[in-house]
Amino acid sequence: MEKGVLLRGLALSNSLIETQIKKDSTEFQKNRRAMVERLTEIKNQEEHIRQGGGAKAIESQHKKNRLTARERIAKLIDPGTTFFELGLYAAFEMYEEWGGAPAAGTITGLGRVAGRQTMIIANDATVKAGAFFPMTAKKVIRAQNISIDNRIPTIYLVDSAGVFLPLQEDVFPDTDDFGRVFRNNAVMSAMGIPQVTAIMGMCVAGGAYLPVMCDHILMTEGSGLFLAGPALVQAAIGQKNSAEELGGAKMHAQISGTVDFREASDEDCIARIRALVDKIGHRAAAPFDHQKAEAPKYSADEIYGIFSSDAAKQYDMREVIARIVDGSKWEEYRAEYGQTVVCGFARIGGWAVGIVANQKKHVQIAAAGTGERRMEFGGVIYTEAADKAARFILDCNQNLIPLIFLHDVNGFMVGKEAEWSGIIRAGAKMVNAVANSVVPKIAVICGGSFGAGHYAMCGKAYDPRFIFAWPTARYAVMGGESAAGTLVEIKIKQMERSGKKLTEKEKKELFESTRATYEKQSDARYAAARLWVDAIIDPAETRGAIIEALAAASLNPDVAEFRTGVLQT
């Protein structure tokens, strides 16, 4: 091995991370089995979600001579490429009183069309006729916001009955509801983001504005586009019309002049979309450095055995990084300082990146002033770690380097020593740097992401361009054990004040019930159902997901001036 340095059990030879893992160890094999079991459960659920409204609904769609949304997307994207789906778990285990809404009744994600990366938004007519539930609107808006942030050309495949009326009060009026979709259409158009819409089924009521506010409008035979359908028109003004006469493709092509292209079938419509996207011009590229990619030195699926979802276990986050970055090389920043957060420069898919990651190994350090040795616990952000991370984030913004955040954080350190060291001030500095960053930010929640640590590591509220989660991700104010203990103690005191005293058995049952509820709410699927994360990803596919996100981010050439305001120094 070339001359290098050994840091806490991991050898760094110049820029190369030399792995120290033992794949035949009991711990590695145990971790691997646990991850594979969790992944199997997730992948089986995903396959069920992809069935949409089920076999009968799919058959009904085919009887109308229409493809399903997933069939349309498969034909739309370039042969040999894959569709990177976002929001698959949206509305998971929600709206069950209405029969559920798999994937919120719409499909969103990134796909290559005519060689160009695009955002695709497709209504799934097998789920309640493609009607908009509250989460459907939020999912479409999230996809549009990703397009806005990254300047991604956007394709809409419309096949929707409009608002799901029983829940209209939660779909219609607010800033993240149905009307925001059309507002975004207008904003995207003004920004020069290409939008192509194909009406491939029903498009009614307020939803009719979506296609008409886009650059290109296509419509297939047998589809309908109207502000009010035949039944509503008759009820409102007593006029009788057929759907075709009122708002069919022929009428809109020949009489109203609303659609640009009338197509005979889904297949013809998709071919036309591809031809139109093929003609879109190319804007200036982003200023982020890109070179030829180099594969990591180590296999990505080794992450399964390295990572431990047990909060009490340790692992070295650098071993994970070594299986994500090009050539397993990185330049670690202040490697011997603030060691519970690791920072460094690398490339992923050829893109230059700065990585901020929580370190899960405990470290012993010399206390400032006294020189006494003390332990710092992995997964906890201490004062010096927050200072280091904030400074590193400033560097990345100064040098136009996108930021990648890898979460497995319990939060900031607490206690007298931490408070005296200025943990609040250091944490505020890190949060400020993250909040005001102008380079693209991409977050991956690997394990826990708790409390203010979630914010400092660029949680959803801090505008990451994309936020992904591993199946092992946990997402809450605090861990389940601590939360359950706190909540149960409060509840017991409330009951005792009202004169009821619980037995030890009753206290234990209350604790277990509270913990189970809290654990469910902190599960990655619960977060994904509410669009707090964009996708649950296989840890072995982390590199690919980040590369896809960086490619999207590179479409936006505009980088604002970096300013932090007042920093707590």
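For the structure itself, look to the data block above.
Owing to the predicted nature of the structure, the values given are computational and were not obtained by experimental measurement.

Draft legend 1. A look at a nonpolar patch on the surface. A grouping of Tyr209, Met213 and Leu227 is seen on the molecular surface, where their side chains present a nonpolar patch of about 290 Å² in accessible area. Looking at the element boundaries, Leu227 is found in the loop between β10 (224-226) and α7 (230-237).

Draft legend 2. View of the environment of Gly565. You can see Gly565 is positioned in the segment after α20 (542-553). Residues Gly565 and Ala433, 132 residues apart in the sequence, show an inter-C-alpha distance of 9.6 Å.

Draft legend 3. Quick look at the packing of helix α4 (residues 134-150) against helix α5 (residues 178-190). One way to put it is that α4 packs onto α5 with a least axis distance of 9 Å and a crossing angle of 15°. The orientation of α4 with respect to α5, classified from their angle, is roughly parallel. In terms of crossing hand, the pair formed by α4 and α5 is left-handed. When α4 is examined against α5, the residues Ala137, Val140, Ile141, Gln144, Asn145, Ser147 and Ile148 are found in contact with a partner set consisting of Phe178, Arg180, Val181, Asn184, Asn185 and Met188. Across the contact of α4 with α5, the residue classes break down as 7 nonpolar, 5 polar and 1 charged.

Draft legend 4. Structural detail: the side chain of Thr154. Within the secondary structure layout, Thr154 lies in strand β7 (residues 154-160). Other than its neighbours up to four places away in sequence, Thr154 contacts Met119, Ile121, Ser147, Met188, Pro194, Gln195 and Val196.

Draft legend 5. Layout of the pairing of strand β14 (residues 351-358). By the criterion of burial, β14 is predominantly enclosed, with 8 of the 8 residues buried. Residues Trp351, Val353, Ile355 and Ala357 point to one face of β14 and Ala352, Gly354, Val356 and Asn358 to the other, with burial holding for every one of them. With 8 bridges connecting them, strand β13 (residues 341-348) and β14 associate as antiparallel partners. The partner of Gly344 across the bridge, within β14, is Ile355.

Draft legend 6. Geometry of the state of the cysteines. All chains considered together, the criterion is met by 0 disulfides. No disulfide involves Cys343; its sulfur sits 8.2 Å from the nearest other cysteine sulfur, which is in Cys396. A disulfide-free cysteine, Cys458 has its sulfur positioned 12 Å from the sulfur of Cys396, the nearest such atom. Cys458 gets classed as buried once you look at its relative accessible area, which sits at 0%.

Draft legend 7. Spatial organisation of the pairing of strand β8 (residues 195-204). Within β8, 9 of the 10 residues are buried, which leaves it mostly tucked inside the rest of the structure. Relative to β8, β7 is paired through 6 bridges, and the arrangement is parallel. Residue pairing for β8: Leu157 is matched across the bridge by Ala198. Running through α5, the crossover from β7 to the neighbouring parallel element β8 is right-handed. Judged from the 4 bridges that link them, β8 and strand β9 (residues 216-220) form a sheet pairing that is parallel. Looking at β9, one finds that Ile199 is bridged to Met219. Examined bridge by bridge, β8 and β10 share 3 bridges and lie parallel to one another. Bridging from a neighbouring strand, Val204 pairs with Phe226 of β10.

Draft legend 8. Highlighting empty space enclosed by the protein. The full count for this structure, using the stated rule, is 3 cavities of 30 Å³ or more. Each pocket or cavity is described by its volume, and for the largest cavity that value is around 120 Å³. For the largest cavity, the lining is made up of 15 residues, of which Asn123, Phe132, Val158, Ser160 and Leu210 are closest to its centre. Elements with a contribution of two residues or more to the lining of the largest cavity: β6 (116-123), β7 and α5.

Procedures and definitions
- Residues numbered from 1 in each chain as written.
- Predicted model: local features only at pLDDT ≥ 70, side-chain atom pairs only at ≥ 80, totals over all residues.
- Heavy atoms only, no water.
- Patch = residues over 30% accessible without salt bridge, like charges linked within 9 Å, V, L, I, M, F, W, Y side chains within 5 Å.
- Areas by Shrake-Rupley, 256 points an atom, 1.4 Å probe, with all protein chains shown as cover.
- Salt bridge = Lys/Arg side-chain N within 4 Å of Asp/Glu carboxyl O.
- Helix = DSSP H or I, 4+ residues; strand = E, 2+ residues; numbered from the N terminus.
- Axes fitted to C-alpha atoms, helices over the stretch in contact; angles between N-to-C directions.
- Parallel < 35°, antiparallel > 145°, perpendicular 65-115°, else oblique.
- Left-handed = near helix turned anticlockwise from the far one by under 90°.
- Contact = heavy atoms within 4.5 Å.
- Nonpolar A, V, L, I, M, F, W, Y, C, P; charged D, E, K, R; others polar.
- Buried < 20%, exposed > 50% of the residue type's maximum accessible area, 1.4 Å probe, protein only.
- Pairing = 2+ DSSP bridges.
- Disulfide = S-S within 2.5 Å.
- Right-handed = clockwise from strand over helix to strand, strands pointing away.
- 1 Å grid on protein atoms, 1.4 Å probe; cavity = no way out; pocket = protein on both sides within 12 Å on 5 of 7 lines; lining within 4 Å.
- Points joined across faces, edges and corners; volume = space filled by probe spheres on them.

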